[in-house]
Structure formats: structure tokens, C-alpha cells
Amino acid sequence: MVALENKVETPIKELVARCQQGDRTAFQQLYRHHERKVRATLYQLCGTQNLDDLVQDVFLRAWRGLPKLREPAYFSTWLYRIAWNVATDRRRQLAKQPKTQSHVFNTDPNEATPSLAETLSRPQDSPDVMALHYQGLVKRGLAHLTQDHRAVVVLHDLQDMPQKDIAQVLKIPVGTVKSRLFHGRKALKAFLVQEGVTL
Amino acid sequence: MNLNDLPTDDDQKLVAFLKRYQPDVPPAPEGFEAKLLASLPPRKSATRPWHWLIPGAIAVGLLGTVTYRSFNPTPQLANSAELEEFLMVSWEGGLEPAVHAATATSDPLLLLAAPLNSTD
């Protein structure tokens, strides 16, 4: 919470207060301030499929719920919680559909990226290609995790959110955050090592 | 914080790797922001609905009363003569028994005067 809010505490509070009165211009500023992080979080949790719809859903829910937000200083945490709820709803929705493919990142984990050997055998081999290969591995590694572990790893390690805030967003004790982070990292490490990455 | 909470060297390497090679997030399509803002529903009044409950109930009550009165007017006596006669009857009927009662028993002055008169 502290890391997220302090830098822009007053403007965010003012913007939230104006939004609560129905000021759309203020909401536009809030959107611009948070859109990238919300989009990144949803992408890392749910993949590319319907990403725009999910982002839109988050901000629509935020707009509707803003009049009930009593602590404007916690807007970011509150917004992340909405994003988490949207991602969870999306996961439940997908769970009801027949499993034809892996929905996270909209790829089949076994075919998402070419193997390292395949990548390096192509004529355009270069450091950029290696970076693409590693990006593919991180994608697949995140998709390999359970939703609960992935959420904690994404929020903590990629979004730099403190554990206390993650606990508030996910409504779980801080101890559970630590535990999920430990197991999530362990699973990711095992996956990457198995794929030939040396950490 | 205990020692187990501190990130290990392996953890730090893993996090650095994840940050460096995290997937590129697809940017929002052109016009997404405008579309989103246009889709925002109008904000309802900030005041709570129950704030209007009491004045609303009073207004509805008044309206109901007025409507009821207009369709069911109070019965009127045919004319003022009937009304006057009715009042006279009621007035006399109300007074006469009381006067009789007072003269017979209850007026203390009359009770005191009666024995004196009888001795004369």
C-alpha cells in the first residue's frame, strides 16, 4: 500500500473524490495512471484472450463501485482487487468450457515457443532471438503455475507489490502470501531449470 | 522479519530473470480509452435512496388524502335551518337533565335552603 500510494497520494485522493461526484475527466486520469499495470496484471494472469474486455470490465466495475470506496488512499489496492476478481471470474468461466487449449496466454504450453535447439538452428539466431526464447519460457512457466501461485508471483515479483498489499488484494493472510510465493517460485525455478535455464 | 523471509540468492536471480524476460504486454488498441469512457454508465445521485423515503411518503400521503376527499366529500346538511334546529335540540337535550338534577339534589345552595324554607 505504502509503496503504491505515497508517491501520488494527494492527486489520487482528489481524483477519486471527483470521480465519486461523477467527474469523467478525473476518471480518465485515473485510468491513464493505472491502465498499464492493470493490463499487465491481467495479461500475466489470464493471457491475451479477451484481454481488452477484461481491462474494460475492471474499469467499468471501478467506475460503478467508486461511490462506495471509503478510503480513496487505497484506490490502487482496491483496483487490483477488482482486477483479481475479474481474473477469477474469467477462470471460472473458462473452467465451464470444454478444454480445447490452454487459456493462459492463449497458447498450448508445449507448443508456445520453439525449443532452444530449434530457435538456435534458425538462420536469424541472435541475442534478440534468445530473449524471445526466454520470454516464451517465462510465459510458459507462469502458465504452468496454479492460479493462486501465479497471482502472488506476478503481483510480488513482476508488479513489485508488497506482501501486505497482496494479502489485502487477495483477502488472504500474509503468511499464506509468503507460502504461495515460496511454492510458486520453487515451481517456476524447477520449470526453468528443466528447460535448460541456469539460474 | 525472520531469516526465512529474506530472499535467497536463487530467489533474487529468479526474480531478475522474470523481470528481464517477462512477456511483453499487448498495448491497448487505438481508441480503446475513448470507447471505455463512452461506455461508462451515468452516475446515479450520490445521495442515498432512503433519504427520499420520508418526504416521499409524506407527499404520497397528502396526495392520497386529497384524492380521497375529492372523490368522497364530507356529507353536508341540506340547509342552515336544519343545522340550527339540530343544534338547538342537542343543546337543550344536553342542558335539561343537568338543570333538573341540580335543582333536585346536587346544588349545595339549594340543599341548604330547603330545610329553612320548610320550617317557615
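Now for a quick tour of the structure. (Residues numbered from 1 in each chain as written. Chains lettered and ligands numbered in written order. Predicted model: local features only at pLDDT ≥ 70, side-chain atom pairs only at ≥ 80, totals over all residues. Heavy atoms only, no water.)

## Some points on the overall build of chain A
Part 1 of the argument: Counting secondary structure elements, chain A contains 10 helices and 0 strands.
Part 2 of the argument: Every one of the 199 residues in chain A was classed for burial, and the buried ones make up 48%.
Part 3 of the argument: Sequence separation of 24 or more characterises 66% of the internal contacts of chain A that already satisfy a separation of 6 or more.
Part 4 of the argument: Taken as a whole, chain A presents about 10,000 Å² of accessible surface, with 50% of it coming from carbon and sulfur. (Helix = DSSP H or I, 4+ residues; strand = E, 2+ residues; numbered from the N terminus. Buried < 20%, exposed > 50% of the residue type's maximum accessible area, 1.4 Å probe, protein only. Contact = heavy atoms within 4.5 Å. Areas by Shrake-Rupley, 256 points an atom, 1.4 Å probe, with all protein chains shown as cover.)

## Considerations on the packing of helix 3 (residues 24–46) of chain A against helix 4 (residues 51–65) of chain A
The relative placement of two packed helices is expressed as an angle between their axes plus a distance between the axes.
All names here are of chain A.
Part 1 of the argument: Following both chains from N to C, one finds helix 3 and helix 4 inclined at 135°, their axes separated by 9 Å at the closest point. Relative to helix 4, the element helix 3 is oriented oblique. Judged by the twist between their axes, the crossing of helix 3 over helix 4 is right-handed. Packed against helix 3, whose contacting residues are Arg24, Phe27, Tyr31, His34, Glu35, Val38, Arg39, Leu42, Tyr43 and Cys46, the element helix 4 presents Leu51, Asp52, Leu54, Val55, Val58, Phe59, Ala62 and Trp63 at the interface.
Part 2 of the argument: By residue class, the composition of the contact of helix 3 with helix 4 is 13 nonpolar, 1 polar and 4 charged. (Axes fitted to C-alpha atoms, helices over the stretch in contact; angles between N-to-C directions. Parallel < 35°, antiparallel > 145°, perpendicular 65-115°, else oblique. Left-handed = near helix turned anticlockwise from the far one by under 90°. Nonpolar A, V, L, I, M, F, W, Y, C, P; charged D, E, K, R; others polar.)

## What to know about the interface of chain B and chain A
Part 1 of the argument: Taken residue by residue, the interface counts 27 residues in chain B and 42 residues in chain A.
Part 2 of the argument: Between chain B and chain A lies a buried interface of about 3,400 Å² when both sides are counted; carbon and sulfur atoms form 66% of it.
Part 3 of the argument: At the junction of chain B with chain A, the criterion picks out 4 salt bridges.
Part 4 of the argument: Taking the shortest distance from any N to any O, the salt bridge between Asp160 of chain A and Lys19 of chain B comes out at 2.6 Å. (Buried area = accessible area lost by both parts, 1.4 Å probe. Salt bridge = Lys/Arg side-chain N within 4 Å of Asp/Glu carboxyl O.)

## Remarks on the nonpolar core
As a rule of thumb, nonpolar side chains are buried together in soluble globular proteins.
Part 1 of the argument: Core analysis: the biggest nonpolar cluster contains 64 residues, and Phe27, Leu42, Phe75 and Leu170 of chain A have the highest contact counts within it.
Part 2 of the argument: Apart from the residues lying within four places of it in its own chain, the contact partners of Leu42 of chain A are Gly47, Leu51, Leu54, Val55, Val58, Ala83 and Ala87 of chain A. (Core = buried A, V, L, I, M, F, W, Y, C linked by side-chain atoms within 4.5 Å.)

## Description of a nonpolar patch on the surface
Residue and element names in this part refer to chain B.
Part 1 of the argument: Judged by side-chain polarity, Leu53, Ile54, Ile58 and Leu62 come together as a nonpolar surface patch covering roughly 450 Å² of accessible area.
Part 2 of the argument: When you line up the elements, Ile58 lands in helix 3 (residues 53–71).
Part 3 of the argument: According to the relative accessible area criterion, Ile58 is exposed, its value standing at 52%. (Patch = residues over 30% accessible without salt bridge, like charges linked within 9 Å, V, L, I, M, F, W, Y side chains within 5 Å.)

## Digging into the packing of aromatic side chains
Part 1 of the argument: Scanning the entire structure with this criterion turns up 7 aromatic pairs over all chains.
Part 2 of the argument: Consider the rings of Tyr134 of chain A and Phe17 of chain B, whose centres lie 5.3 Å apart with planes at 70°: the pair is edge-to-face. Placement of Tyr134 of chain A in helix 7 (residues 127–144) and of Phe17 of chain B in helix 1 (residues 9–20) is noted, with the two residues assigned to different chains. Taken as a pair, Tyr134 of chain A and Phe17 of chain B share a single burial class, namely buried.
Part 3 of the argument: Three or more aromatic residues joined by ring pairs make a cluster, and in this case those are Phe27, Tyr31, Phe59 and Trp63 of chain A.
Part 4 of the argument: When the ring centre of Phe32 of chain B is taken as origin, the NZ or CZ atom of Arg39 of chain A, which lies over that ring, is 5.4 Å away. (Phe/Tyr/Trp six-rings, centres within 6.5 Å; stacked < 30°, edge-to-face > 60°. Lys NZ or Arg CZ within 6 Å of the ring centre and 35° of its normal.)

## Quick word on the side chain of Gln20 of chain A
Part 1 of the argument: Mapping Gln20 of chain A onto the fold places it in helix 2 (residues 9–20).
Part 2 of the argument: Classification of Gln20 of chain A by relative accessible area gives buried; the value is 18%.
Part 3 of the argument: Each residue touching Gln20 of chain A, except ones within four places of it in the same chain, is listed here: Leu66, Pro67 and Leu69 of chain A together with Arg43 of chain B.

## Considering the pattern of salt bridges
Residues and elements named next belong to chain A.
Part 1 of the argument: Applying the stated rule across the entire model yields 13 salt bridges over all chains.
Part 2 of the argument: With a closest N to O distance of 3.4 Å, Arg61 and Asp57 form a salt bridge. With Arg61 and Asp57 both in helix 4, this residue pair falls 4 residues apart, about one helical turn.
Part 3 of the argument: Since its relative accessible area comes to 29%, Arg61 is described here as partly exposed.

## A closer look at the packing of helix 5 (residues 75–96) of chain A against helix 8 (residues 147–158) of chain A
All names here are of chain A.
Part 1 of the argument: Between helix 5 and helix 8, the least distance of the axes is 12 Å, while the angle of their chain directions is 150°. As far as their axial angle goes, helix 8 and helix 5 are roughly antiparallel. Along this stretch, helix 5 crosses helix 8, giving a crossing that reads as right-handed. Listed contacts from helix 8 to Tyr80, Trp84, Ala87 and Arg91 of helix 5 are Gln147, Asp148, Ala151 and Leu155.

## Points about the environment of Asp24 of chain B
Part 1 of the argument: Mapped onto the elements of the fold, Asp24 of chain B is located in the loop between helix 1 and helix 2 (32–38).
Part 2 of the argument: What makes Asp24 of chain B exposed here is its relative accessible area of 55%.
Part 3 of the argument: Aside from chain neighbours lying at most four places away, what touches Asp24 of chain B is Tyr43 and Gln135 of chain A.
Part 4 of the argument: A distance of 3.5 Å separates polar atoms of two side chains, one belonging to Asp24 of chain B and the other to Gln135 of chain A. (Polar contact = N/O pair within 3.5 Å; in protein donor to acceptor, adjacent residues only side chain to side chain.)

## A short note on the environment of Arg43 of chain B
Part 1 of the argument: On the secondary structure map, Arg43 of chain B appears in the loop between helix 2 and helix 3.
Part 2 of the argument: For Arg43 of chain B, a relative accessible area of 21% translates into the label partly exposed.
Part 3 of the argument: The contact partners of Arg43 of chain B, leaving out residues within four places of it in the chain, are Cys19, Gln20, Gln21, Gly22, Trp63, Leu66 and Pro67 of chain A.

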